[in-house]
Every structure is written in structure tokens, then in C-alpha cells.
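# Structural features, examined
Residue-level listing of the chains:
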Amino acid sequence: MDYKPDWEQTRQRMIAWWHHDAIDRCCVAVVAPRADSKLPPLPNLQYEMWLDGVDAIADDDRAALQRWWTDPDLNYRRAIRWFDNMFFGGEALPVTTVNWGAMAMAAMFGSPAVFGNKTVWYERVIEDWESWEWRFDPDANPTWQAILAIVRRFLDGAPGRYFVGSPELGNGADVLSLMRGMDRLALDLIMAPEAVKRGVDFISDVWVLLMEQIHQMTVAANDGGGVLAWMSLWAPGRIDQIACDFSSIISPQMFREFFVPEIEKMGDWCEYGTYHL
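The residue numbers shown here count from 1 along each chain, following its written sequence. Local features in a predicted model are, by the rule used here, given only for residues with pLDDT of at least 70; side-chain atom pairs are given and counted only at 80 or more, and totals for whole chains, interfaces and linings are based on all residues. Processing note: side-chain calculations cover all non-hydrogen atoms of the structure and skip hydrogens and water entirely.

### Focus: the packing of aromatic side chains
Stacked, edge-to-face and tilted are the three classes for Phe, Tyr and Trp ring pairs, Trp counted by its six-membered ring, which pair at centre distances within 6.5 Å; planes under 30 degrees apart are stacked, over 60 edge-to-face, the rest tilted. Applying the stated criterion across every chain, the model contains 17 aromatic pairs. With 4.8 Å between their ring centres and 75° between their planes, Trp 17 and Trp 18 make a pair best called edge-to-face. We call a residue buried when its accessible area falls under 20% of the maximum for its residue type, exposed when it is over 50%, and partly exposed in between, using a 1.4 Å probe and counting protein chains only. In this structure Trp 17 comes out as partly exposed when scored by relative accessible area, which is 39%. Since its relative accessible area comes to 13%, Trp 18 is described here as buried. When the centroid spacing of 5.8 Å and the interplanar angle of 75° are considered together, the rings of Phe 109 and Phe 136 count as edge-to-face. Taken together, the positions of Phe 109 in the loop between α5 (105–108) and β4 (113–115) and Phe 136 in the loop between β5 (120–122) and α6 (142–157) put the pair 27 residues apart, joining distant regions of the chain. Neither residue differs from the other here; Phe 109 and Phe 136 are each classed as buried. Chaining the aromatic ring pairs together yields one cluster made of Phe 109, Trp 132, Trp 134, Phe 136 and Phe 202. What counts as a helix is a DSSP run of H or I of at least four residues, what counts as a strand is a run of E of at least two, and both are numbered from the N terminus.

### Notes on the packing of helix α3 (residues 62–70) against helix α4 (residues 72–85)
The description of two helices packed together rests on the angle between their axes and the distance between the axes. Axis lines are fitted through C-alpha atoms, for helices just across the contact stretch, and the angle between N-to-C directions can take any value from 0 to 180 degrees. At their nearest, the axes of α3 and α4 sit 6 Å apart, and the two run at 60° to each other. In terms of orientation, α3 lies oblique with respect to α4. Together, Arg 67, Trp 68, Trp 69 and Thr 70 of α3 and Pro 72, Leu 74, Asn 75 and Arg 78 of α4 make up the contact between the two elements. Put simply, angles under 35 degrees are roughly parallel, angles over 145 are roughly antiparallel, angles from 65 to 115 are roughly perpendicular, and the rest are oblique. We call two residues in contact whenever any of their non-hydrogen atoms come within 4.5 Å of each other.

### As for the side chain of Thr 10
On the secondary structure map, Thr 10 appears in helix α1 (residues 7–18). What makes Thr 10 buried here is its relative accessible area of 0%. A polar contact of 3.2 Å, which involves the side chain of Thr 10, links it to the backbone oxygen of Gly 90. Excluding residues that lie within four positions of it along the chain, Thr 10 makes contacts with Lys 4, Gly 90, Glu 91 and Leu 93. In protein, a polar contact means a hydrogen-donor-capable atom and an acceptor-capable atom, both N or O and within 3.5 Å, with residues adjacent in sequence counting only if both atoms are side-chain atoms; elsewhere, any N or O pair within 3.5 Å suffices.

### Notes on the nonpolar core
Formed by 70 residues in total, the largest nonpolar core has its most connected members in Met 108 and Phe 109. Residues within four places of Met 108 in sequence aside, it is in contact with Phe 136, Asn 141, Thr 143, Trp 144, Ile 147, Leu 169 and Leu 210. One finds Phe 163, Leu 233, Trp 234 and Ile 239 within the second-largest nonpolar core, a separate group that totals 14 residues. The term nonpolar core refers to a set of buried residues drawn from Ala, Val, Leu, Ile, Met, Phe, Trp, Tyr and Cys, joined through side-chain atoms within 4.5 Å.

### Thoughts on helix α10 (residues 252–269)
The span you would expect from a helix comes to 1.5 Å times its residue count less one. For α10, with 18 residues, the first-to-last C-alpha span of 24 Å sits near the 26 Å given by 1.5 Å per residue. Fitting one axis to the seven residues ending at a residue and another to the seven starting there, the bend at that residue is the angle between the two axes. When the local axis directions of α10 are compared, the greatest deviation, roughly 55°, occurs at Phe 259, which is followed within four positions by the proline Pro 261. Of all the positions in α10, only Phe 258, Phe 259, Glu 262, Ile 263, Met 266 and Trp 269 are classed as buried. Residues of α10 that are buried in the fold lie against α7 (172–180), α8 (182–191), α9 (193–218), β9 (239–243) and β10 (272–276).

### A word on the pattern of salt bridges
Salt bridges are defined as contacts in which a side-chain nitrogen from Lys or Arg sits within 4 Å of a carboxyl oxygen from Asp or Glu. Under the counting rule described, the total for this entry stands at 17 salt bridges. Lys 197 is the salt-bridge partner of Glu 257, the closest N and O atoms lying 2.9 Å from each other. Linking Glu 257 in helix α10 with Lys 197 in helix α9, this pair joins segments that are 60 residues apart in sequence. Accessibility expressed as a relative area gives 27% for Lys 197, which makes it partly exposed. The network of salt bridges with common partners includes Arg 13, Asp 24, Arg 25 and Glu 91.

### So, unusual backbone geometry
The backbone of Ala 102 shows a phi angle near 70°, a positive value even though the residue is not glycine. Position of Ala 102 among the secondary structure elements: in the loop between β3 (95–96) and α5. The backbone of Asp 223 shows a phi angle near 55°, a positive value even though the residue is not glycine. In this structure, Asp 223 sits in the loop between α9 and β7 (226–228). For Asp 223, a relative accessible area of 31% corresponds to the partly exposed category.

This is the structure:
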């Protein structure tokens, strides 16, 4: 692999790691500028792959900001610039990703994405549960189709060069906390529990559907496995991050009642899983 010439050794170490074993040493990932790197020095370099050039766009130039985040060729060129200038030591991987603030499913369900020059935010849209209706058609959803266009562009250039990570989609609890608002969702656990459960169940079903589509698209580029991009973590099968950040503001009892079923569903899909604390 062009950007990871020691991939075969890394692959064997990662397989051993997933089986709670080690071949010759512990796994470690080191990403550092090459001696001839043309990227800016640290600390700006830390987020270069994701934020390269976006700070030059005016805050109020919404069209330019949206294009920076969503244009497939711009995403591809930023990734290649990063790979060309960085050293991927140990088990660090040259891997692409689509990270629109880690909760892109919110936009798929109707929360407008606000593209900024640091992150992507999603506005509250669920004002009352009685009038809210969950709908999702992957073939006609503009947000999902925009993400797929970027993934396909990454795949075009990937063979023999780099890995293609899964997009950051989010999870039911945290997507709902944006679409409804943290405070309102917390009250809903008491005032509208069935509406919350229906929402989490719907979102997690969509998550499984989309993650399987991405896995089937990228498995060949990822040497028969998958990659959790932000952790630079390869696995010889289906992998992603399981999470519920919203759990930090609720009781253990409510966590078990409302959100453990989603975690179990996501875990059933993952052959190799991680939990984000």
C-alpha cells in the first residue's frame, strides 16, 4: 500500500490485538509530519485533514462553506494532501472519513446542517412529538446521497493507496439530543417516554441500514475489513463506534431503559466494536 508500506505487519498486529494477543509489541499509532512536509507546523497541523483551508472562508459565506464540506473533489484533494505529507507509524493508517460534526443523521431526518469553519451543527426541529413524523428514503435523501458521493470519490482513488473509513453518522440518543434539544429530551424521558423510544428505534434501524451499505461499498478497499477512521482502527470485519454521550446527564436506570437496546442493536451489527466514553 503506497501510504502504508508496512501494512501487512500492521494487519497481523491488529488481528492479534482484537484477539487479546500480541505478536512482537503492543499496538501504537503515530502520525507525524514527514521531513519534507509542506503542511503548517503544530498545533495547527492537528486538524489539518479536516479543516485545511476552511478558516480562509468568511463566516457568512454559507455557500462556500457548504461547498468546502460537501464537494467530493475538495474532500479528496484534502485527504491526498494529508497523506502526501504525513508519516503513519506503527498501526496508524492513511484513512479517509466524512465527519460533519459526527451527527450527520440529524440532517437526514430534517435538521438543517449549519456548515461552519470549525464544525457542522444541527438545529433543533422537533417542537412537539404529536406532529412529528419519522421518514427516511436512502435513495432520495439529499444528505445521504451527498455523503455517498464523497465516499465514492474516495473509493475511486483508494486501491493500493489508502483506506476508506466509515462516515460519522451518530446514534439515536445523541442525534435526538440535537433535533429535540438536550433539556427537552431529558424531560421527554419522563413526559413522553414512548416517543423517545420510537425515535431511538427508528434512528438506530437507519444506522444499521446505512452502515451495512457503507461496509459493502468499502470492504474491498479495506482489505476485507473496516476502519474506524478517527481512531485509526482497522478490524477484519464490520467495525464502528458505539456511543451514547447523552447518557452523561441521565440516571443509570433511564440509560438502561431507553438507550441500552440501541447499543445492543449497534453491537449486534459490529463484529468488532468500540464504545466511546
